[in-house]
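These are the residues of each chain, in order.
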There are 2 protein chains.
Amino acid sequence: MLSRHLRTHLVLAPSTSVGKSIFSTGLVRASLALGEKVGYLKPVGTGSGDGDDSCAHLQRFAPGARTACLFHFDEPVSPHLAVERAARGGGPVTMSVPTDDEFASAVGRHARDFALETAGQRSSLYIESAGGVHSPTLSGTSQLDAFRPLLPPTILVASAELGGISTTISAYESLLLRGYDVDAVLVFREAYYANHEYFERWFNERGIRVGVVDHPPQQVPSAEEDAANLEAYYAQIADTPLQRVVQRLQQIHIDRMSNLATAPRRTLDSVWWPFVQHGLVKNESDVMVIDSAHGDHFSVFSTSSPPPLLSPIFDGSASWWTQCLGHANPELTLAAAHAAGRFGHVMFPTATNLPALTLVEKLLASVGQGWASRVFYSDDGSTGMEVALKMALRAFADREQLLPAEGRKLAVLGLKGSYHGDTIGAMDACEGGVYSERVEWYEGRGHWLAAPEVRIEQGEVVVRGGADGGEVARYQSLTQLYDVDGRVQHDPLAQTYREQIERELEARIAKGDGIRFGALVLEPVVMGAGGMIFVDPLYQHVLVDLVRSNRTLFPATSRAGAPSTSPIDSTPVWQGLPVIFDEVFVGLHRLGRVTASTFLGSTTRPDIACYAKILTGGLVPMAVTLASDAIFQAFWGDKKVDALLHGHSYTAHAVGCGIANKTLDILTRMDRRGEWNDAKFDWIQHASNPGRQSLGPPPASPSPTELAWSFWSADFVRDVSAHPAVEGVMALGCVLAIHLRAADGSGYQSTASEAILRQLRFGTPHDDAIASSGASFQIHARPLGNVVYFMSSLNSKPATLRAVEASIKAALDVKAQ
Amino acid sequence: MLSRHLRTHLVLAPSTSVGKSIFSTGLVRASLALGEKVGYLKPVGTGSGDGDDSCAHLQRFAPGARTACLFHFDEPVSPHLAVERAARGGGPVTMSVPTDDEFASAVGRHARDFALETAGQRSSLYIESAGGVHSPTLSGTSQLDAFRPLLPPTILVASAELGGISTTISAYESLLLRGYDVDAVLVFREAYYANHEYFERWFNERGIRVGVVDHPPQQVPSAEEDAANLEAYYAQIADTPLQRVVQRLQQIHIDRMSNLATAPRRTLDSVWWPFVQHGLVKNESDVMVIDSAHGDHFSVFSTSSPPPLLSPIFDGSASWWTQCLGHANPELTLAAAHAAGRFGHVMFPTATNLPALTLVEKLLASVGQGWASRVFYSDDGSTGMEVALKMALRAFADREQLLPAEGRKLAVLGLKGSYHGDTIGAMDACEGGVYSERVEWYEGRGHWLAAPEVRIEQGEVVVRGGADGGEVARYQSLTQLYDVDGRVQHDPLAQTYREQIERELEARIAKGDGIRFGALVLEPVVMGAGGMIFVDPLYQHVLVDLVRSNRTLFPATSRAGAPSTSPIDSTPVWQGLPVIFDEVFVGLHRLGRVTASTFLGSTTRPDIACYAKILTGGLVPMAVTLASDAIFQAFWGDKKVDALLHGHSYTAHAVGCGIANKTLDILTRMDRRGEWNDAKFDWIQHASNPGRQSLGPPPASPSPTELAWSFWSADFVRDVSAHPAVEGVMALGCVLAIHLRAADGSGYQSTASEAILRQLRFGTPHDDAIASSGASFQIHARPLGNVVYFMSSLNSKPATLRAVEASIKAALDVKAQ
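On a predicted model such as this, the values are computed, not experimentally measured, just so you know.

Caption draft 1: Broad picture of the overall build of chain A. Looking only at helices and strands, one finds 27 helices and 28 strands in chain A. Based on the C-alpha atoms only, the size of chain A along its principal axes is roughly 105 × 65 × 55 Å. Expressed as a percentage of its 817 residues, the buried residues of chain A come to 65%. Sequence-distant contacts, at least 24 apart, represent 74% of the contacts inside chain A between residues at least 6 apart. About 27,800 Å² of surface is accessible on chain A, with carbon and sulfur atoms providing 50% of the total. The averaged location of the 87 negative side-chain charges in chain A is 3 Å from the averaged location of its 69 positive side-chain charges.

Here it is, written out as structure tokens:
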């Protein structure tokens, strides 16, 4: 809703009958007087004096404007009821009732058409909303939510009545809560209640100009006289008072455009981006200016594209894997605001508050169920993993009664390709590479195994591993692959893996450099930052089991007199090494299950686990580290020095906890209501033939296997897996990872994916495949070497994802050519 | 506003005339019918049918309730106007108009009195607000803000009129924005607009019960008949419909009490606190249950104290130094909500958005002015300092062309007592101690100098230093101490410090272990976590200067062909070592200046600086690391591997940026309006006699010295500095640090402060000194060994701080006895 020459404003009010139509008419007239081409749109009219009739009123008193009404109903009730009753009474509902998407599209199209029509001329379009800011629109959605995908700048008509101060300020707050800008406030002068005086002071303090005009004249019996009175009235208000307002709105429009247009240059001159080589991003056109976001889309400003200046771009990386319920989700906004308004942030050590405590209990009852007894808060995945490492190494050193100098040298056991964050401690738990080499204090402290990797190739699930990446096994469905309980019993790979790992660790220890492992650290199922590497879950299962049971490699030297079960709840203490699961990326439904650990077998649980990203619904950073009681006991005592002395000022901040509680509630509600069932059904057919015969006879009492499924469609995944430009593909939950055939070899530095990403982001929409997909948006995705990945939210619309799939296929075809 | 036996509810509506009084009467009657003792309070009545008259109405139709009206005005206008006009017209204003504090106190006192009166009986108190949720109260403050210190649970009366859906939902959002709980919604049944049907669906989805009753009967001419009709009406609605609502409210009250009462046990069983030895915090009474917070106070729930169950407790640590504009500041809440509602969080690398860009520009123009050219975002002080270290060490290694193995061994130069966070990298930059010893991967990488410390003793500013902590110098005022420009020229200590440092560093390097410094890391002025150690600013000035100018100790081996000025803006590149200022705690006005670096001299600026805590107004974590162009250039190139490869998923999250922009705007506004002038004037007299003669003659053209001042009163600080229980005290900006005489020696493990903290937190109010101070709250403070510190906000009310000071003096007297 932003054009260079056309200024668009949505006119709203706290309620009906406070003067929207009169002010709209006055604004239109003032704009005309200032030489603008002016449009007036009443998307929905209800009541005989509304809609088409307001257009007639407007044409009479502000002649020369282009007027339109998109949907009209005679009954003067809320639009959602007008629709209902018109349908019931066989009234004049000649169109089918538009969905919210269709409503926003119709309004957006109208604005675009008007922009084209007025091209090159200074113009304005006033859109008058129906009722109050939260009055239900045709579908029952509130006005503010219905217009939200368009996010036009707004003018708030304030109420001059008794009680109007309250309704107006609340309406203003509702506008801000949904990200709207309020450019002006208009109100009638009313000497007795004097609301306008209060508003002038109140809104001016907030930088918003208040336009005050007299009340319209009382209606008189003579229609002619009435019209003359009104004509005189409009002439008066559209003169100085409203022209000043319009000039101010023009200035705001120019400032807004200028602020956005200069943002790329200013950003290039002042920002230091993470993970970006600034020497390679020097052009203004390289900078994506995000004006707002909604659902799965950014609203991106660009002066280089043809109008409109704002285009929806699919957020293909889910903003670095944080988004799960759509950008600017109003339920999450309100949860954040409620926590902020109740607490701000409050002290946590030796204190408690219900948002923080409730979240702890929710987590222990879900992802921590059956193993965790404690939750520790920190600020992000990296700090959460530093906490996990401190917990594990201390517990190990405590059991082994190590000296400080021995503790310094403890190593972690992990997998090649793992990533746990960018603080030094988290980096040290990962194998070094070309990037960590450049961090002066980095020091890889561990040994990392090369785990076999899984991909769908030509429609079949293939496990590859070993030095040459050769094929190790093949499965007919993801559900079969992830039936780890079954595979442990019947898949010969279980024994192969165990022997491989034992051999490698024996050889490593035999090196004689005194390496001593203090923890096993894993990202279950997928190593995301490492390149969306899907690891064979059986391998991770075997590794965890081995660490806990191989008494030669991992002797359990119990501390003298230390119990083997927790003194608190009699659960067994950890065996061998403390096992850390880094679920920062994979946890909380990202892969279709609340915890990714269940993919490693129904009973495989860690001693310590870390969650972040989705936890806070894609709004603000926060992390939690869960631990078993046995780990917690290692820090228990009567000396402060034995405690876990780690903390952050904003520990357990109420805003994060409030958002997290709401996020988990929404996810639970979606799951309970079966909102993911369509996606699950889509994958059931692909899992219907488990083909277990190749692995031996089915077990006597087969373990109930859980479906492995994705929001990306099974047919699409199969097709892509057979595409000539593709080596393999994987999809699970929200994640779609496409490994491209790359001439330059794979790896983080690969540029194989660049052509495809450019096509998705800037590809011309005249491409047939994209156009026929119905995709009216382009796609922003982030590469990981030769892997192109796409991340859905947990509430992405199926139509959106189908359109993304069509665009991907078209882009792959371009590459294959 | 919470008692065991007394349930209190505030009745609100979106506007006037939607039925608050009728529903209040009905609720009172229903409560009476259910056997409760019932109170009804109309704090402010305006109009003849309101206030005292609503009490009469209520007594007539719900006989048996205790009714009261606190302030009454005849004119049926908004209370703020009623006050104004009554005053102007010589009307019935017999009391002086209460301030917001007095208003809240009067309501709170009424509720407490009623709780005492009904002790032991199941009771309820309905408080009917005036007008709508945001209608101005007597002082002009909105209802929601005026009742906010009490935060009673609420009942929202919804509007049944056309437009009522919008005003009601907006009112509901305004309630949530200020942290209120909405326990029930009440509305009239209205067949035509059918708002009640919409509300039932909408609020039930949000877990809120909607009570629907018929409209009251139309008024008829006969007063008698009218009364009979109303009587019949109330009998009907107060029967089943409203009794069900009351029963639901009772259940919510019980659940709320139970949720809070069980919170300590549940917290002890499930939470892992930061920096807490759980073995020492085992009793429920050790757990502070924070129900909400407002301004400088927590609202703390406790079943062990006498009623009321919620007491205000002064947040003496400013919630670990994060608070600066009061808890739950509505401006910050709205800023958070607006950013969340506009963006959620959006991708930052190679992208931009106005909240993030605006913040970058604000920072470069304030704390970065004159030296910084880039801002890097991360999540908290610890990650911000890891980023700073990565920047500095890389820049150094780049200039010196070090091999990776040499880079690994780079050391930092710092001060003993410094603290930069709890992630391993930040820890490694600090000297080891009893605590870091227990972190397996900790490895102190540096050398740390013992800086001389400053305290006010017996009213004089004393610098102590050296191994024995002996007196080094003495100054007559803080302003004199912090006149570093002047001291550099005339204070012989400057040369002494330079020689000391050079000697120590020469000796350290002579050890021959190949130590090589890669960065100087300082917390300017105060080392907070290290024990509120105020360092002599001259020492830090000299250290920075020496690192940049001593070519023997810090040879500037320029990279072959590397320019000595930045190719971009011709500013000089860093000399000797990159200098990092950790302003996480001290920056952004905490010490009374926007950057603490100006205390080290008017031209002393770092090459890299880190800000957090106050940055985000005490709401959510976020940090920024600023860097000079020369540092940035070390990462510039055409290879990704040379970039700063550090990032966090929520980098530059819009919510944090939105809050930070608003926080900086508010602080600028306060400064411009002179809101800190009273505190500054208080300190001017103490600085009026610089007494520089002891240090030599005054300079020919003296440098203009800036005042050093504090929110804590100068007289109080002088008095405390002479108290027998006190070794010394320091105050600057928000910080007050009292060093207690301790038998057990000072240090982080000291328990000297425990008695005083206990007295402040649990001291009986019958103590004379506390009672006479007018302090109606207790104080929660956090110890740092034998240092007790207190942190004000930047907008603390002077009366609050004077009360805190009185309590501190009383507690010191108790200790001294």
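Back to the text.
Caption draft 2: Region of interest: the relation of the copies chain A and chain B. Of the transformation placing chain A onto chain B, the axial shift is 0.0 Å and the rotation is 180 degrees, giving an RMSD of 0.1 Å. Put plainly, the chains are arranged around a two-fold axis. The share of interface residues of chain A whose copies in chain B are also at the interface is 100%, consistent with both copies meeting through the same surface.

Caption draft 3: Spatial organisation of the sheet that holds strand E12 (residues 374-378) of chain B. Residues and elements named next belong to chain B. Taken in spatial order, the 7 strands of this open sheet run E12-E23-E22-E21-E18-E13-E14, and their pairing is mixed. In this open sheet, the two strands that pair with only one neighbour each are E12 and strand E14 (446-449). Strand-to-strand twist across the sheet, computed as the mean angle between neighbouring axes with direction ignored, equals 20 degrees. Packed onto the sheet, helix H14 (residues 381-400) meets E12, strand E13 (411-415), strand E18 (517-522), strand E21 (579-582), strand E22 (608-611) and strand E23 (623-627) and runs at close to 145 degrees relative to E18.

Caption draft 4: Looking closely at the confidence of the model for chain A. All names here are of chain A. With 90% of its residues at a pLDDT of 70 or more, chain A has an overall mean of 90. Low confidence marks residues 690-702, where pLDDT is under 50. Its contacts with residues over four positions away, or in another chain, come to 16 contacts. Note on residues 765-774: pLDDT is under 50 here. Beyond four places in sequence and across chains, it has 13 contacts. Here the prediction assigns the complex a pTM of 0.95, and the interface score ipTM is 0.95.

Caption draft 5: Structural view of the interface of chain A and chain B. Chain A puts 169 residues into the contact, and the matching count from chain B is 169 residues. In total, about 15,200 Å² of surface goes out of reach between chain A and chain B, with carbon and sulfur atoms giving 59% of it. Here chain A is connected to chain B by 16 salt bridges. A salt bridge links A:Asp291 to B:Arg342; its shortest N-O distance comes to 3.2 Å. Our count for the chain A to chain B interface comes out at 102 residue pairs in polar contact (both at pLDDT 80 or more). Top contributing element to the side of chain A that touches chain B by residue count: helix H6 (residues 164-177) of chain A, with 10 residues. A breakdown of the residues in the side of chain A that touches chain B according to their chemical character gives 84 nonpolar, 52 polar and 33 charged.

Caption draft 6: Region of interest: the pairing of strand E8 (residues 288-294) of chain A. For E8(A), a buried count of 6 out of 7 residues is recorded, marking the element as mostly surrounded by other parts of the structure. Judged from the 2 bridges that link them, E8(A) and strand E11 (residues 351-352) of chain B form a sheet pairing that is parallel. Note that in E11(B) the partner of A:Val289 across the bridge is B:Thr352. Direction of pairing for E8(A) relative to strand E9 (residues 297-301) of chain A: antiparallel, over a ladder of 5 bridges. Looking across to E9(A), one finds that A:Ala293 is bridged to A:Phe298. Between E8(A) and E9(A), which pair antiparallel and follow one another directly, the connecting turn spans 2 residues, one of which, A:Gly295, has a positive phi of 55 degrees.

Caption draft 7: Quick peek at the environment of B:Asp422. By the element assignment, B:Asp422 lies in the loop between E13 and helix H16 (424-428). Each C-alpha atom of the pair B:Asp422 and B:His653 lies 22 Å from the other, and the pair is 231 residues apart in sequence. In this structure, B:Asp422 is in contact with A:Glu386, A:Lys390, A:Leu645, A:His646, A:Gly647, B:Phe275, B:Ser382 and B:Met427, ignoring residues within four places of it in sequence. A polar atom in the side chain of B:Asp422 sits 2.8 Å from the backbone nitrogen of A:Gly647. Within polar-contact distance, the side chain of B:Asp422 engages the side chain of B:Tyr419 at 3.0 Å.

Caption draft 8: Focus on the nonpolar core. If you look at the biggest cluster of nonpolar residues, it comprises 382 residues, and the most contacted ones within it are A:Met532 and B:Met532. Apart from the residues lying within four places of it in its own chain, the contact partners of B:Met532 are B:Trp321, B:Val526, B:Met527, B:Phe585, B:Val735, B:Ala737, B:His739, B:Leu784, B:Val787, B:Tyr789 and B:Met791. Counting residues in hydrophobic clusters, the runner-up holds 173 residues, among them B:Leu41, B:Cys55, B:Ala158 and B:Val245.

Caption draft 9: Up close: the pattern of salt bridges. Applying the stated criterion across every chain yields a total of 88 salt bridges over all chains. With a shortest N-O distance of 3.4 Å, A:Arg256 and A:Asp181 are connected by a salt bridge. Taken together, the residues span a long stretch of sequence, with A:Arg256 in helix H9 (residues 240-261) and A:Asp181 in the loop between H6 and strand E6 (182-188) at a distance of 75 residues. Salt bridges sharing partners connect three or more residues here, namely A:Asp428, A:Glu443, A:Arg445, B:Asp428, B:Glu443 and B:Arg445.

Caption draft 10: A look at helix H4 (residues 100-117) of chain B. Residues and elements named next belong to chain B. Here H4 contains 18 residues, and its C-alpha end-to-end distance of 26 Å stays within 8% of the 26 Å for a straight helix at 1.5 Å per residue. The complete set of buried residues in H4 reads Phe103, Ala104, Ala106, Val107, Gly108, His110, Ala111, Phe114 and Ala115. Buried residues belonging to H4 abut strand E1 (6-12), strand E2 (37-46), strand E3 (66-73), strand E4 (123-128) and helix H5 (143-147).

Caption draft 11: Fine view of the domain arrangement of chain A. Residues and elements named next belong to chain A. By domain assignment, chain A separates into domain 1 (6-254), domain 2 (278-315 + 710-817) and domain 3 (373-449 + 477-649). In this complex, domain 2 contributes 16 residues to the contact, which on the side of domain 3 involves 18 residues. Summed over both partners, the interface of domain 2 with domain 3 buries about 1,300 Å², with 78% contributed by carbon and sulfur atoms. Counting across the interface, domain 2 meets domain 3 through 0 salt bridges.

Caption draft 12: Broad picture of the sheet that holds E9(A). One open sheet accounts for 5 strands, arranged E26(A)-E10(A)-E9(A)-E8(A)-E11(B); its pairing is mixed. Each edge of the sheet is formed by a strand with only one pairing partner; in this case those strands are strand E26 (778-780) of chain A together with E11 of chain B. The pairing of E9(A) with strand E10 (residues 310-315) of chain A spans 5 bridges and is antiparallel. Note on E10(A): the bridge partner recorded for A:Phe298 is A:Ile313. On the sheet, helix H25 (residues 754-762) of chain A packs against E8, E9, E10 and E26 of chain A and is oriented at approximately 135 degrees with respect to E26(A).

Caption draft 13: The arrangement of the environment of B:Ala56 in detail. Residue and element names in this part refer to chain B. By the element assignment, Ala56 lies in helix H2 (residues 52-61). The class for Ala56 is partly exposed, based on a relative accessible area of 42%. Separated by 116 residues in sequence, Ala56 and Tyr172 have C-alpha atoms that sit 30 Å apart.

Rules and cut-offs
- Residues numbered from 1 in each chain as written.
- Chains lettered and ligands numbered in written order.
- Predicted model: local features only at pLDDT ≥ 70, side-chain atom pairs only at ≥ 80, totals over all residues.
- Heavy atoms only, no water.
- Helix = DSSP H or I, 4+ residues; strand = E, 2+ residues; numbered from the N terminus.
- Buried < 20%, exposed > 50% of the residue type's maximum accessible area, 1.4 Å probe, protein only.
- Contact = heavy atoms within 4.5 Å.
- Areas by Shrake-Rupley, 256 points an atom, 1.4 Å probe, with all protein chains shown as cover.
- Lys, Arg positive; Asp, Glu negative; His and termini not counted.
- Charge placed at Lys NZ, Arg CZ, Asp CG, Glu CD.
- Least-squares fit on C-alpha atoms with pLDDT ≥ 70 in both.
- Pairing = 2+ DSSP bridges.
- Axes fitted to C-alpha atoms, helices over the stretch in contact; angles between N-to-C directions.
- pLDDT = per-residue confidence, 0-100.
- Buried area = accessible area lost by both parts, 1.4 Å probe.
- Salt bridge = Lys/Arg side-chain N within 4 Å of Asp/Glu carboxyl O.
- Polar contact = N/O pair within 3.5 Å; in protein donor to acceptor, adjacent residues only side chain to side chain.
- Nonpolar A, V, L, I, M, F, W, Y, C, P; charged D, E, K, R; others polar.
- Core = buried A, V, L, I, M, F, W, Y, C linked by side-chain atoms within 4.5 Å.
- Expected span 1.5 Å × (residues − 1).
- Domains from an automatic or database assignment.

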